[in-house]
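# Residue-level structure breakdown
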Amino acid sequence: MHTTPWRKSSRSNNSGDGANCVETRWRKSSMSSGNGSTNCVEARAHCNVFDVRDSKFGDDSPVFTVEAEDFAALLRTCVATADV
């Protein structure tokens with residue numbers, strides 16, 4: 001799986017409690033790296049949910065948050081229909 005650089009939370013700042021935040025890393029499917037495809041998504045896990053975004057827009061992409069159970073169901077569906 002391809003990873004992108006660490007990204008500090010937009011809720012963070014350099015003073016006070018905001019300096020103590022957790023950074024999460026976006027991960028892109030290994031199926032999308034190196035083939036020139038722009039039809040892929042990136043995901044990151046945190047706090048029992050997953051954020052999902054369109055990789056071609058990067059930091060400007062809308063981010064959708066889904067529960068871990070729903071994300072697992074999405075992955076199972078993708079694997080089951082990969083050859084269709």
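What this report covers is the structure whose coordinates are included nearby. (Residues numbered from 1 in each chain as written. Predicted model: local features only at pLDDT ≥ 70, side-chain atom pairs only at ≥ 80, totals over all residues. Heavy atoms only, no water.)

## A short note on the overall build of the protein chain
- When you go through the protein chain residue by residue, the secondary structure sums to one helix and five strands.
- When the helices and strands of the protein chain are listed from N to C terminus, the series reads β-β-β-β-β-α.
- Residues counted as buried form 23% of the 84 residues belonging to the protein chain.
- Within the protein chain, residue pairs in contact and separated by at least 24 positions form 20% of the contacts whose partners lie at least 6 positions apart.
- Counting every atom, the protein chain has about 6,400 Å² of accessible surface; 53% of that belongs to carbon and sulfur. (Helix = DSSP H or I, 4+ residues; strand = E, 2+ residues; numbered from the N terminus. Buried < 20%, exposed > 50% of the residue type's maximum accessible area, 1.4 Å probe, protein only. Contact = heavy atoms within 4.5 Å. Areas by Shrake-Rupley, 256 points an atom, 1.4 Å probe, with all protein chains shown as cover.)

## A short note on the environment of Val52
- Looking at where Val52 falls in the secondary structure, it is placed in strand β4 (residues 49-54).
- Residues Val52 and Val63, 11 residues apart in the sequence, show an inter-C-alpha distance of 5.6 Å.
- Not counting residues up to four positions away in its chain, the partners in contact with Val52 are Trp26, Val41, Glu42, Ala43, Pro62, Val63, Phe64, Val66 and Phe71.

## Describing the side chain of Glu42
- Looking at the element boundaries, Glu42 is found in strand β3 (residues 41-46).
- Within the structure, Glu42 has its side chain in polar contact with the side chain of Arg53 (distance 2.8 Å). (Polar contact = N/O pair within 3.5 Å; in protein donor to acceptor, adjacent residues only side chain to side chain.)

## With respect to the side chain of Arg53
- Its place among the elements puts Arg53 in strand β4.
- For Arg53, a relative accessible area of 6% gives the class buried.
- In this structure the side chain of Arg53 is engaged in a polar contact, spanning 3.3 Å, whose partner is the backbone oxygen of Gly58.
- Here the side chain of Arg53 touches Asp59 through a polar contact of 3.1 Å, side chain to side chain.

## What to know about unusual backbone geometry
- A positive phi is found at Cys47, a non-glycine position, where the angle reads about 50°.
- Looking at the secondary structure, you find Cys47 in the loop between β3 and β4.
- Despite not being glycine, Asn48 shows a phi value in the positive range, around 65°.
- Within the secondary structure, Asn48 is located in the loop between β3 and β4.

## Looking at the pattern of salt bridges
- The full count for this structure, using the stated rule, is four salt bridges.
- Measuring nitrogen to oxygen at the nearest pair gives 3.0 Å for the salt bridge that ties Arg44 to Asp51. Comparing Arg44 with Asp51, the two get one shared label, buried.
- Taken together, the shared-partner salt bridges in this structure form one network comprising Glu42, Arg53 and Asp59. (Salt bridge = Lys/Arg side-chain N within 4 Å of Asp/Glu carboxyl O.)

## Structural notes on the packing of aromatic side chains
- For the structure shown, the criterion picks out one aromatic pair.
- For the ring pair Phe50 and Phe71, a centre distance of 4.2 Å and an interplane angle of 10° mean the geometry is stacked. Here Phe71 lies in helix α1 (residues 68-80) and Phe50 lies in strand β4, a separation of 21 residues in the sequence. (Phe/Tyr/Trp six-rings, centres within 6.5 Å; stacked < 30°, edge-to-face > 60°.)

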